[in-house]
Amino acid sequence: MSGTSSAAKSMNLTLHVWRQAAAHAPGGIVDYPANDISPDMSFLEMLDVVNERLTEGGQEPIAFDHDCREGICGSCGVMINGAAHGPMKATTACQLHMRSFSDGDEIWIEPWRAKAFPVVKDLIVNRSAFDRIIQAGGYISAPTGTPQDANALPIRKPDADLAMDNAACIGCGACVAACPNASASLFTAAKITHLAVLPQGQPERSTRARSMVETMDLEGFGGCTLFGECQVACPKEISIDAIMQMNRDYIMASATKVELGEWAGSA
Amino acid sequence: MTITLDAKIPAGPLAGKWDKHQFDMKLVNPVNKRKFHLIVVGSGLAGASAAATLSELGYNVSCFCYQDSPRRAHSIAAQGGINAAKNYRNDGDSVQRLFYDTIKGGDFRAREANVYRLAQVSVDIIDQCVAQGVPFAREYGGLLANRSFGGAQVSRTFYARGQTGQQLLIGAYQALEKEIAGGGVTMYERHEMLELVLVDGKARGIVVRDMVSGEIESHTADAVILATGGYGNVFYLSTNAKGCNVTATWRAHKKGAAFANPCFTQIHPTCIPVAGGYQSKLTLMSESLRNDGRVWVPKRAEDSTKEPSQIAEEDRDYYLERKYPSYGNLSPRDIASRAAKEACDDGRGVGPGGLGVYLDFADAISRLGRPMIEERYGNLFEMYQRITDEDPYTRPMRIYPAVHYTMGGLWVDYNLMSSIDGLHVLGEANFSDHGANRLGASALMQGLADGYFVIPYTIGHYLASNKFEPVTTAHPAFVAANAAVEERTRRLLSINGTRTVDSFHRELGRIMWDKCGMARDAAGLQQALELIPKLREEFWRNVKVPGIGAELNQSLEKAGRVADFLEFGELMCLDALQREESCGGHFRTEYQTADGEAMRNDEQFAYVAAWEYAGEGQPPILHKEPLAFENVHLSTRSYK
Amino acid sequence: MRRLLLFWGSTVGKKVVMAVTGIVLVGFVIGHMLGNLQMFRDAEAMNNYAAFLKSTGGLLWVARAGLLTAAVLHIIAAVQLTLINRAARPTAYVRRDPQVATFASRTLRWGGVILAVFIVYHLGHFTTGTFHPAFSHRDVYGNVIIGFRSVWVALFYVIAMASLGLHLFHGVWAGVRTLGLQQRSEVPIQRTVALWVAIVVWAGFTMIPVAVLLGVLN
């Protein structure tokens, strides 16, 4: 039985963790031993064990964001040994298991770093900039009511699939964290693409692209230089093809005259 | 104060009740709507859809969530799908059939009128979500695809890969963000509700803790809407998110909201089994897997430690197909879960501790080919492999039941108002639609039905029917509630004992799972009712909560939630003890047929058990709302 | 005008400007390289080619102005984007391991700086003659041969052309993608195109100083 009988092979690790008491407090790396760690633990369960021991020893546990622990809520996310969400492809920190590490390893754990994601405490950052990018136009205006029958609008399967690929974004911020420019292009582009390939998304397509791109800039994210780090870090494997779509839509939108008031943009 | 339960079900034939009621309800003049301030607690499917819709109507809304963004509420984790009586497959579905399936699936412990309305608005939900851009799965012809789910013989489940909850929530979240941008909704992220405030018997506000600064704040409103989800984390291990808690509903309960059927909890049959003592949560594998997977255990206990490939076909017991030939692997959740438990109790369980059964895709892969299975379940298979390090394409999955959903919740009337005036409760937080067992793909349906299509009407009726004196946070009721929260926080921080919050939570969870889990009996429940108060007493004497109140303090957050679970767990056991029958997710071993099926007792227990809080140290008071079945015939559920 | 300013104000707009000006400059570089290869025919061919370019008169100045504008816009956008990108991460990671970023993409900015220095030197070297030991306005062929007899000068050219190659490898690819010109595909064709453009341009330019040093051209 692979993977289920490995409790015996427990590991001893050394953690180097960023600790910072509050947003404006100074921070630094603090070392902690993490002994008797089972390879079947998730990365966050390993942190739970360390925290339990810290608490029992009268120290403050390491603060980190987490919630669903099944890779879909997007709450968790830390830099693990210099990679967003750690070494496994298409895997959030909560789904990363300790079998990816070996006995004696040293693990560096840091918060996402971006001007637009200020540290709140320890490994927790404020990602509300993402919400504001969505507010700028990441939606289809369809107030609750009685729209037409759902099947009145057939959508080609490839379009629906492409929309879904991009809608799979969990808003964790790994793309920003991994980008050498701390750019939010992949996040923004994924939403633009999700809505741009659906017929329902057409009426607001131009205003959406302009407004979201400009909000992304105003929030203090960097620009895209196509390093490709974001799509590797993305736990949902969203392709940087989305960024091409965003640029195309933005160029088209800039060439189109926008009626006054139609555009709730930031400028 | 004593509670009177009036479900306020409109008169008239079932099919016309909601239409008639919509017409009978009072309306709020459009220009007056913005003068009303509403509080919505929770931003999942129910909360986000309600907050967005109420803001669209013109109300002034404040929405609170404990996560760092409303997009993270646990509705996001629902995988399989959402039911709707669209009958797009032409396979005989209808509002009436969805209604009947839901009532029957709930083992005849839900209100007919509420369930019928749910089935009626289910079709509008799909239309609404498509209009918002939810990328539901489609056929090559461009029309919406469907799949089957447990407890139904029609194909009525709409889905977006294995991420339906995520996509529906993102749809509601985007509508919410649009309203936030427009100023109709003020969003308070990382804020946890810790108290409900009543003024003159009406819910008029809440007290929250800003989880970043630690500040205790009061917020006033004309009505309060709770959409704070279920209480599955009372078991410590569940498929709920780590932060899910009972605090908001429990605080409301202690202020006078009746808590209905708390013992009705759903154990989901297809979760990844526990791997070790450090386990922090359980992961669900969508029930949709049972469309193509076959459940089995070895026929002989001595085979259970063998590799599955070493067990010959004739030595395998496909027990669901054997016991329930007409529904087979698609039997309802409670039945499938209990059957798994029986197999494991029988010594035939597989994997660590013998707590697992196989879910085998070998037949489906040979029949449909691997690419088709990848298309349908690829992401679920990947998730399984990440967690267990086993490849489900070549080796059957191991699954075991886990706590997943709670049908019980705050009692509400037909208008979704609790026994406190002005306090409305939506989604999993209320008790209303699923009876003793919820069918798969019905939670998303109920959350969105409540938020998009019910509360926007009924809240208007409440607001138009009442007079509201202006209140401020200086009102004595707010000052007192605020002081109570401060005091409680101070107490938790000052104990400085020796045990961590999690250790108490784990111990409570073990008691609940052993005594009030998949199978219950009077003796066990009575034991639990002795153990829980003792544990609670130790908690308040010996818990260790490091740090201070005026900062981000995750230990303090957990401590407050576990303190409430320690009170709530007792009510759950009391409720399970008084319900001397087996129905749906509530299985009392004393009440079963000769072949081990649940034995319902309609004469004595066809009621909603609604508990009233009677004060510190006082036993809660049981109120019974009788359930009248005028449109369905009460039958013994049979999926054979 | 407002729309144009907004466009230029955004990071996407600046990237588009860089892509468009980059394409202009790539076009020039390829033409320039092809022209340079006249060196391998004989001195007369090279000098005739140079004389032909000069004879176009006003047109030459229009082209020069266009190229200058493109280069200036390209550089301004690059500098501004670099500043924006630096500011977007005020606190560096203690440890960061790039996963896929290529050497070319990570050295793009320094390569650009080398190229800018090179262009100034190159203009002074072969166009105005300011930095040339024995400059002749008529004998372009001779200028090249004499110019590259200095090992250091030739080496600088070789290094500069290597950074041009790397710059093109990431730049051509990124430029095409930025403009969103290609349809989706698993292995983007621009990667291959960019690689060949980079190799051909690098080889075409590098051949000349190397040939002079080796005595093939004299």
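Sequence order sets the numbering: in each chain, residues are counted from 1 along the sequence as written. Just so you know, chain letters begin at A and ligand numbers begin at 1, following the order they were written in. Given that this is a predicted model, residues contribute local features only at a pLDDT of at least 70 and side-chain atom pairs are listed and counted only at 80 or more, while totals for whole chains, interfaces and linings are drawn from all residues. Excluding hydrogens and water, the side-chain values take into account all heavy atoms of the structure.

**Describing the overall build of chain C**
Spelled out, the test is: Labels follow the DSSP assignment, with helices taken as runs of H or I lasting at least four residues and strands as runs of E lasting at least two, numbered in each case from the N terminus. Under the scheme applied here, a residue whose accessible area is under 20% of the maximum for its type counts as buried, over 50% as exposed, and between as partly exposed, the area being computed with a 1.4 Å probe on protein chains only. Any pair of residues with heavy atoms lying within 4.5 Å of one another is described as a contacting pair. Accessible areas in this description were obtained via Shrake-Rupley with a 1.4 Å probe; residue shielding takes into account the shown protein chains only. We treat Lys and Arg as the positive residues and Asp and Glu as the negative residues; His and chain ends play no part in the count. Working definition for charges: the position is that of NZ of Lys, CZ of Arg, CG of Asp or CD of Glu.
The helix and strand tally for chain C stands at nine helices and zero strands. Along the chain direction, N to C, the helices and strands of chain C fall in the order α-α-α-α-α-α-α-α-α. Expressed as lengths along the three principal axes of its C-alpha atoms, the size of chain C is roughly 55 × 45 × 35 Å. Among the 218 residues that make up chain C, the fraction classed as buried is 41%. Pairs at least 24 residues apart make up 70% of the contacts formed inside chain C by residues separated by at least 6 positions. With the model as given, the accessible surface of chain C reaches about 11900 Å², and the carbon-plus-sulfur share is 73%. Of the side chains in chain C, 18 bear a positive and 5 a negative charge, and the two mean positions are spaced by 18 Å.

**Focus on the pattern of salt bridges**
All names here are of chain B. The condition is simple: A pair is scored as a salt bridge if a Lys or Arg side-chain nitrogen falls within 4 Å of a carboxyl oxygen belonging to Asp or Glu.
Under the defined criterion, the tally for this structure stands at 73 salt bridges over all chains. The partner of aspartate 345 in a salt bridge is lysine 341, with the nearest N and O atoms 2.8 Å apart. With aspartate 345 and lysine 341 both in helix H9 (residues 333–345), this residue pair falls four residues apart, about one helical turn. For aspartate 345, a relative accessible area of 55% puts it in the exposed group. Each of the salt bridges in this network shares a partner with another, and the network as a whole consists of Asp107, Arg109, Arg579, Glu581, Arg600 and Asp602.

**With respect to the packing of helix H6 (residues 205–218) of chain A against helix H8 (residues 241–255) of chain A**
All names here are of chain A. Heads up, the rule is: Here an axis means a line fitted to C-alpha atoms, over the contact stretch when the element is a helix, while the angle between two N-to-C directions is reported on a 0 to 180 degree scale. Should an angle lie under 35 degrees it is considered roughly parallel, over 145 roughly antiparallel, and from 65 to 115 roughly perpendicular; all remaining angles are considered oblique. Each residue receives one of three labels: charged for Asp, Glu, Lys and Arg, nonpolar for Ala, Val, Leu, Ile, Met, Phe, Trp, Tyr, Cys and Pro, and polar for the others, Gly being one of them.
Between H6 and H8, the shortest axis-to-axis distance is 8 Å and the interhelical angle comes to 110 degrees. Judged by the inter-axis angle, H6 sits roughly perpendicular to H8. Contacts between H6 and H8 pair Arg205, Ser206, Ala209, Arg210, Val213, Glu214 and Met216 from the former with Gln245, Met246, Asp249, Tyr250, Ala253 and Ser254 from the latter. Within the contact of H6 with H8, the residues separate by chemical class into six nonpolar, three polar and four charged.

**What to know about the sheet that holds strand S16 (residues 409–410) of chain B**
Residue and element names in this part refer to chain B. Quick reminder of the rule: If DSSP finds at least two bridges between two strands, the strands pair.
Within the open sheet, the four strands sit side by side as S16-S10-S18-S19. Their pairing is antiparallel. Every interior strand has two partners, whereas the edge strands, S16 and strand S19 (621–626), have only one. Across two bridges, the pairing between strand S10 (residues 259–260) and S16 is antiparallel. Bridge pairing in S16 links phenylalanine 259 to leucine 410.

**With respect to the interface of chain A and chain C**
The test is simple: Put simply, buried area is how much 1.4 Å-probe accessible surface two parts lose in total, over both of them, once they are put together. Counting of polar contacts relies on pairs of N or O atoms within 3.5 Å, with two restrictions inside protein: one atom must be capable of donating a hydrogen and the other of accepting it, and residues adjacent in sequence are counted only when both atoms are side-chain atoms.
Each partner contributes to the interface: chain A provides 53 residues, whereas chain C provides 41 residues. Buried area between chain A and chain C, both sides added, is near 3900 Å², and the carbon and sulfur share of it is 56%. For chain A, the biggest contributors to the area lost against chain C are Leu226(A), Phe227(A) and Met244(A); these three give 16% of the whole. Where chain A touches chain C, the interface holds 24 residue pairs in polar contact (both at pLDDT 80 or more). Mapped onto the side of chain A that touches chain C, the elements with two or more residues apiece are strand S5 (106–110), helix H4 (174–178), H6, helix H7 (229–233) and H8 of chain A. Looking at the side of chain A that touches chain C element by element, the count peaks at ten residues for H8(A). Its residues placed into classes, the side of chain A that touches chain C shows 30 nonpolar, 13 polar and ten charged.

**Quick word on the packing of helix H15 (residues 522–542) of chain B against helix H16 (residues 554–578) of chain B**
Residues and elements named next belong to chain B. The condition is simple: What makes a crossing left-handed is the near helix being turned counterclockwise from the far one by less than a right angle; a clockwise turn instead makes it right-handed.
Running from N to C, H15 and H16 point in directions that differ by 160 degrees, and their axes come no closer than 9 Å. Classified by the interaxial angle, the pair formed by H15 and H16 is roughly antiparallel. Here H15 runs over H16; the crossing is left-handed. Taking contact as the criterion, the partners of Ala522, Leu525, Gln526, Ala528, Leu529, Ile532, Pro533, Leu535, Arg536, Phe539 and Trp540 in H15 are, on H16, Ala559, Val562, Ala563, Leu566, Glu567, Gly569, Glu570, Cys573, Leu574, Ala576 and Leu577. Looking at the contact of H15 with H16, its residues break down into 17 nonpolar, two polar and three charged.

**Things to note about the sheet that holds strand S15 (residues 397–406) of chain B**
Residues and elements named next belong to chain B. Here five strands make up an open sheet; going across it, the order is S11-S15-S14-S12-S13 and the pairing antiparallel. Here the strands that pair on one side only, and so sit at the sheet edges, are strand S11 (265–271) and strand S13 (316–317). Alignment of S11 against S15, held across five bridges, turns out to be antiparallel. Looking across to S15, one finds that threonine 265 is bridged to threonine 406.

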